[in-house]
Amino acid sequence: MNQDEKKQKAAESAFSLVLPTLNKESVLGIGTGSTTNFFIKELNKTKVDIKGAICSSEASKDHLQESGIKVMELNEVHGIDVYIDGADEFNSRFELIKGGGGALTREKVLANSSKEFICIVDDTKYSGLLGNFPLPIEVLEVARSAISREIMRMGGKPVYRQGFITDNGHQIIDVHNLKIDIPFEMEATINNIPGVVENGIFAKRTADIILQATDSEIKTLNKNQ
(Lines give C-alpha, C1' and ligand atoms only; values in the text may rest on other atoms or scores of the structure.)
Protein backbone atom coordinates (compact mmCIF):
# COMPACT_ATOMS: atom_id res chain seq x y z
CA MET A 1 0.00 0.00 0.00
CA ASN A 2 1.11 3.55 -0.62
CA GLN A 3 0.99 6.14 2.15
CA ASP A 4 -2.47 7.47 1.24
CA GLU A 5 -3.89 3.95 1.21
CA LYS A 6 -2.45 3.36 4.67
CA LYS A 7 -3.96 6.61 5.93
CA GLN A 8 -7.33 5.62 4.55
CA LYS A 9 -7.18 2.18 6.18
CA ALA A 10 -6.25 3.73 9.55
CA ALA A 11 -9.13 6.21 9.26
CA GLU A 12 -11.60 3.46 8.32
CA SER A 13 -10.43 1.41 11.29
CA ALA A 14 -10.95 4.39 13.61
CA PHE A 15 -14.44 4.92 12.23
CA SER A 16 -15.33 1.24 12.82
CA LEU A 17 -13.97 1.50 16.36
CA VAL A 18 -15.82 4.70 17.23
CA LEU A 19 -19.16 4.21 15.49
CA PRO A 20 -20.66 1.68 17.97
CA THR A 21 -19.89 4.02 20.89
CA LEU A 22 -21.74 7.03 19.46
CA ASN A 23 -25.29 8.08 20.28
CA LYS A 24 -27.49 11.17 19.97
CA GLU A 25 -25.76 12.81 22.94
CA SER A 26 -22.20 12.18 21.72
CA VAL A 27 -19.80 15.01 20.95
CA LEU A 28 -17.06 14.11 18.51
CA GLY A 29 -13.77 15.96 18.21
CA ILE A 30 -12.25 16.18 14.74
CA GLY A 31 -8.63 17.06 14.07
CA THR A 32 -6.88 18.42 11.00
CA GLY A 33 -4.82 16.92 8.22
CA SER A 34 -4.78 14.43 5.37
CA THR A 35 -5.36 11.35 7.55
CA THR A 36 -8.22 12.99 9.44
CA ASN A 37 -9.80 13.96 6.12
CA PHE A 38 -10.23 10.26 5.34
CA PHE A 39 -12.10 9.88 8.65
CA ILE A 40 -14.32 12.83 7.73
CA LYS A 41 -15.11 11.12 4.42
CA GLU A 42 -16.46 8.16 6.38
CA LEU A 43 -18.64 10.51 8.43
CA ASN A 44 -19.91 12.15 5.25
CA LYS A 45 -20.86 8.77 3.75
CA THR A 46 -22.56 7.31 6.83
CA LYS A 47 -24.64 10.26 8.14
CA VAL A 48 -24.00 9.60 11.83
CA ASP A 49 -26.67 10.83 14.27
CA ILE A 50 -24.82 12.57 17.12
CA LYS A 51 -25.19 15.78 19.13
CA GLY A 52 -22.42 17.49 17.20
CA ALA A 53 -18.78 17.74 16.24
CA ILE A 54 -16.07 20.19 17.21
CA CYS A 55 -13.31 20.78 14.67
CA SER A 56 -9.76 21.92 15.27
CA SER A 57 -9.64 24.03 12.10
CA GLU A 58 -11.75 25.90 9.61
CA ALA A 59 -10.56 23.44 6.94
CA SER A 60 -11.99 20.47 8.84
CA LYS A 61 -15.27 22.35 9.33
CA ASP A 62 -15.48 22.82 5.57
CA HIS A 63 -14.82 19.12 4.90
CA LEU A 64 -17.50 18.12 7.42
CA GLN A 65 -20.30 20.11 5.78
CA GLU A 66 -21.60 17.14 3.76
CA SER A 67 -22.11 15.00 6.87
CA GLY A 68 -25.18 16.79 8.17
CA ILE A 69 -23.55 16.80 11.62
CA LYS A 70 -23.96 20.00 13.60
CA VAL A 71 -20.65 21.82 13.91
CA MET A 72 -20.32 23.14 17.45
CA GLU A 73 -17.82 25.13 19.50
CA LEU A 74 -16.08 23.81 22.59
CA ASN A 75 -17.67 26.54 24.70
CA GLU A 76 -21.09 25.05 23.96
CA VAL A 77 -20.41 21.64 25.52
CA HIS A 78 -19.04 20.13 28.73
CA GLY A 79 -16.41 18.12 26.90
CA ILE A 80 -15.63 15.79 24.01
CA ASP A 81 -16.42 12.08 24.15
CA VAL A 82 -13.78 11.02 21.63
CA TYR A 83 -11.23 13.02 19.66
CA ILE A 84 -9.90 11.70 16.34
CA ASP A 85 -6.73 13.13 14.84
CA GLY A 86 -3.54 12.19 13.07
CA ALA A 87 0.07 12.90 14.01
CA ASP A 88 3.28 13.87 12.28
CA GLU A 89 5.32 11.67 14.60
CA PHE A 90 4.74 9.31 17.55
CA ASN A 91 6.80 7.21 19.92
CA SER A 92 6.28 4.09 22.04
CA ARG A 93 5.01 6.18 24.98
CA PHE A 94 2.13 7.55 22.87
CA GLU A 95 3.73 11.01 22.84
CA LEU A 96 3.27 12.91 19.59
CA ILE A 97 4.48 15.76 17.45
CA LYS A 98 1.63 17.52 15.69
CA GLY A 99 1.10 20.77 13.83
CA GLY A 100 2.29 20.14 10.30
CA GLY A 101 -1.08 21.48 9.18
CA GLY A 102 -0.79 24.48 11.48
CA ALA A 103 -3.71 23.66 13.80
CA LEU A 104 -1.65 22.49 16.80
CA THR A 105 -3.10 24.88 19.38
CA ARG A 106 -6.72 24.01 18.75
CA GLU A 107 -5.78 20.35 18.37
CA LYS A 108 -4.19 20.37 21.80
CA VAL A 109 -7.18 22.15 23.33
CA LEU A 110 -9.56 19.55 21.91
CA ALA A 111 -7.35 16.62 22.88
CA ASN A 112 -7.09 17.94 26.42
CA SER A 113 -10.88 18.30 26.59
CA SER A 114 -11.58 14.76 25.40
CA LYS A 115 -12.33 11.62 27.36
CA GLU A 116 -10.53 9.53 24.73
CA PHE A 117 -7.97 10.53 22.11
CA ILE A 118 -7.60 8.16 19.16
CA CYS A 119 -4.64 8.89 16.90
CA ILE A 120 -4.61 7.52 13.35
CA VAL A 121 -1.26 7.18 11.58
CA ASP A 122 0.68 5.17 9.05
CA ASP A 123 3.84 3.33 10.03
CA THR A 124 6.16 6.01 8.60
CA LYS A 125 5.24 8.28 11.53
CA TYR A 126 6.91 6.14 14.22
CA SER A 127 10.13 7.37 15.82
CA GLY A 128 12.14 6.05 18.74
CA LEU A 129 13.07 9.64 19.63
CA LEU A 130 10.78 12.54 18.74
CA GLY A 131 12.26 15.31 16.66
CA ASN A 132 12.75 13.84 13.20
CA PHE A 133 9.71 15.86 12.12
CA PRO A 134 10.31 19.61 12.58
CA LEU A 135 8.56 20.82 15.72
CA PRO A 136 5.92 23.49 14.98
CA ILE A 137 5.54 26.34 17.46
CA GLU A 138 2.70 28.85 17.18
CA VAL A 139 3.96 32.29 18.17
CA LEU A 140 2.86 35.88 18.48
CA GLU A 141 4.26 37.83 15.54
CA VAL A 142 5.92 40.41 17.79
CA ALA A 143 7.90 37.69 19.58
CA ARG A 144 8.88 35.49 16.63
CA SER A 145 12.52 36.53 16.40
CA ALA A 146 13.01 36.57 20.17
CA ILE A 147 11.56 33.08 20.45
CA SER A 148 13.73 31.89 17.58
CA ARG A 149 16.83 33.08 19.41
CA GLU A 150 15.76 31.16 22.52
CA ILE A 151 15.22 28.04 20.43
CA MET A 152 18.68 28.41 18.88
CA ARG A 153 20.19 28.56 22.37
CA MET A 154 18.41 25.26 23.04
CA GLY A 155 20.14 23.71 20.03
CA GLY A 156 17.29 23.89 17.52
CA LYS A 157 17.19 25.49 14.09
CA PRO A 158 13.98 27.58 13.77
CA VAL A 159 12.52 28.25 10.33
CA TYR A 160 9.74 30.78 9.88
CA ARG A 161 6.76 29.26 8.01
CA GLN A 162 6.42 32.07 5.50
CA GLY A 163 3.02 33.04 4.18
CA PHE A 164 1.13 30.98 6.77
CA ILE A 165 -1.22 32.36 9.40
CA THR A 166 -3.03 30.07 11.83
CA ASP A 167 -6.79 30.16 12.37
CA ASN A 168 -5.93 32.02 15.58
CA GLY A 169 -4.18 34.77 13.61
CA HIS A 170 -0.63 33.83 14.63
CA GLN A 171 2.58 32.71 12.95
CA ILE A 172 4.47 29.43 13.09
CA ILE A 173 8.13 28.56 13.33
CA ASP A 174 9.22 25.00 12.51
CA VAL A 175 12.16 23.83 14.59
CA HIS A 176 14.66 21.41 13.06
CA ASN A 177 17.40 19.41 14.80
CA LEU A 178 15.98 19.87 18.30
CA LYS A 179 16.94 17.09 20.68
CA ILE A 180 13.75 16.03 22.48
CA ASP A 181 15.02 13.51 25.03
CA ILE A 182 12.21 14.13 27.53
CA PRO A 183 9.15 15.37 25.59
CA PHE A 184 7.12 16.26 28.70
CA GLU A 185 9.85 18.62 29.94
CA MET A 186 10.54 20.09 26.50
CA GLU A 187 6.84 20.82 25.97
CA ALA A 188 6.69 22.79 29.22
CA THR A 189 10.01 24.58 28.64
CA ILE A 190 9.01 25.88 25.22
CA ASN A 191 5.56 26.94 26.39
CA ASN A 192 7.18 29.02 29.13
CA ILE A 193 8.96 31.22 26.58
CA PRO A 194 7.09 34.56 26.46
CA GLY A 195 5.21 34.92 23.20
CA VAL A 196 4.75 31.20 22.57
CA VAL A 197 1.09 30.37 22.06
CA GLU A 198 1.60 26.59 21.94
CA ASN A 199 4.02 23.98 20.65
CA GLY A 200 3.39 20.72 18.84
CA ILE A 201 4.66 18.28 21.47
CA PHE A 202 1.76 16.24 22.85
CA ALA A 203 3.30 14.71 25.98
CA LYS A 204 1.21 16.12 28.81
CA ARG A 205 -1.88 14.85 26.95
CA THR A 206 -0.83 11.80 24.96
CA ALA A 207 -2.94 9.62 22.69
CA ASP A 208 -4.95 6.88 24.39
CA ILE A 209 -5.13 4.64 21.34
CA ILE A 210 -2.94 4.69 18.24
CA LEU A 211 -4.18 2.96 15.10
CA GLN A 212 -1.10 2.33 12.99
CA ALA A 213 -1.48 1.22 9.38
CA THR A 214 1.23 -1.00 7.90
CA ASP A 215 1.42 -2.73 4.53
CA SER A 216 -0.34 -5.78 5.91
CA GLU A 217 -2.50 -4.74 8.88
CA ILE A 218 -3.84 -2.14 11.27
CA LYS A 219 -2.06 -2.30 14.59
CA THR A 220 -4.12 -1.18 17.59
CA LEU A 221 -1.84 0.24 20.28
CA ASN A 222 -3.59 0.93 23.59
CA LYS A 223 -1.85 2.95 26.28
CA ASN A 224 -3.77 1.16 29.04
CA GLN A 225 -2.81 -2.34 27.94
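Everything discussed here concerns the structure shown above.
Residues numbered from 1 in each chain as written. Predicted model: local features only at pLDDT ≥ 70, side-chain atom pairs only at ≥ 80, totals over all residues. Heavy atoms only, no water.

S.K.: Could you give an account of the pairing of strand S7 (residues 114–122), with specific residues and numbers?
M.R.: The element S7 is largely enclosed, with a buried count of 7 among its 9 residues. Examined bridge by bridge, strand S4 (residues 80–85) and S7 share 5 bridges and lie parallel to one another. The residue of S7 that forms the bridge with Asp85 is Cys119. In the sheet, S7 pairs with strand S13 (residues 209–213) via 5 bridges, with the strands oriented parallel. The residue of S13 that forms the bridge with Ile118 is Ile209. (Buried < 20%, exposed > 50% of the residue type's maximum accessible area, 1.4 Å probe, protein only. Helix = DSSP H or I, 4+ residues; strand = E, 2+ residues; numbered from the N terminus. Pairing = 2+ DSSP bridges.)

S.K.: Give me the pattern of salt bridges: which residues, what numbers.
M.R.: Think of it this way: side chains of opposite charge can pair up when their charged atoms draw near. Taken as a whole and judged by the stated rule, the model has 19 salt bridges. Here Lys61 makes a salt bridge to Glu58, at a shortest N to O gap of 3.4 Å. With a gap of 3 residues between them, Lys61 and Glu58 both fall in helix H3 (residues 58–63), about one helical turn apart. Given a relative accessible area of 13%, Lys61 falls into the buried group. Salt bridges here are not isolated pairs; linked through shared partners, they connect Glu58, Lys61, Glu73 and Arg106. (Salt bridge = Lys/Arg side-chain N within 4 Å of Asp/Glu carboxyl O.)

S.K.: An account of the state of the cysteines is requested, with residue identities and associated values reported.
M.R.: Scanning the entire structure with this criterion turns up 0 disulfides. Here Cys55 is not cross-linked by a disulfide; its sulfur's nearest cysteine counterpart is in Cys119, at 17 Å. We classify Cys55 as buried; its relative accessible area is 7%. For Cys119, a relative accessible area of 0% gives the class buried. (Disulfide = S-S within 2.5 Å.)

S.K.: A description of the environment of Val18 should follow, citing residues and the corresponding values.
M.R.: Positionally, Val18 belongs in helix H1 (residues 3–18). When its relative accessible area of 3% is taken as the criterion, Val18 is described as buried. In the structure, Val18 is positioned 64 residues away from Val82 in sequence and 8.0 Å away in space, judged by C-alpha atoms.

S.K.: Hey, could you go over helix H2 (residues 34–46) for me, with residue numbers and the actual values?
M.R.: Owing to its 3.6 residues per turn, the α-helix aligns residues three or four sequence positions apart on the same side. With 13 residues, H2 extends 19 Å between its outermost C-alpha atoms, agreeing within 8% with the 18 Å of an ideal straight helix rising 1.5 Å per residue. Positive phi shows up at Lys47, right after H2, with a value of about 60°. (Expected span 1.5 Å × (residues − 1).)

S.K.: Give a detailed account of the sheet that holds strand S2 (residues 52–55), specifying residues and quantitative values.
M.R.: Read from one edge of the open sheet, 7 strands run S3-S2-S1-S4-S7-S13-S14, paired in mixed fashion. With one partner strand each, in any of the chains shown, strand S3 (71–72) and strand S14 (218–222) form the two edges of the open sheet. On the sheet, H1 packs against strand S1 (27–30), S4, S7, S13 and S14 and is oriented at approximately 155° with respect to S7. In this fold H2 packs onto S1, S4 and S7, with an angle of close to 145° to the strand it touches most, S1. (Contact = heavy atoms within 4.5 Å. Axes fitted to C-alpha atoms, helices over the stretch in contact; angles between N-to-C directions.)

S.K.: Just give me the short version of the packing of aromatic side chains, but keep the residues and values in it.
M.R.: Here the structure, examined in full by the defined rule, presents 3 aromatic pairs. With a centroid separation of 5.2 Å and 45° between ring planes, the pair formed by Tyr83 and Phe117 is classed as tilted. Within this pair, whereas Tyr83 is found in strand S4, its partner Phe117 is found in strand S7, the two being separated by 34 residues in sequence. By relative accessible area, which is 0% here, Phe117 ends up buried. One residue, Lys108, lies across the ring of Phe202, its end atom 5.0 Å from the ring centre. (Phe/Tyr/Trp six-rings, centres within 6.5 Å; stacked < 30°, edge-to-face > 60°. Lys NZ or Arg CZ within 6 Å of the ring centre and 35° of its normal.)

S.K.: Go over the pairing of strand S8 (residues 135–139), please, and point to the residues and values.
M.R.: Counting buried residues in S8 gives 5 out of 5 residues, a clear majority hidden from the surface. Of the two faces of S8, the one lined by Leu135, Ile137 and Val139 and the one lined by Pro136 and Glu138 are each fully buried. Bridging between S8 and strand S10 (residues 171–176) involves 5 bridges; their strand directions are antiparallel. Within S10, the residue paired with Val139 across the bridge is Gln171. Taken together, the 3 bridges between S8 and strand S11 (residues 196–199) define a ladder with antiparallel strand orientation. Paired with Val139 across the strands is Val196, a residue of S11.

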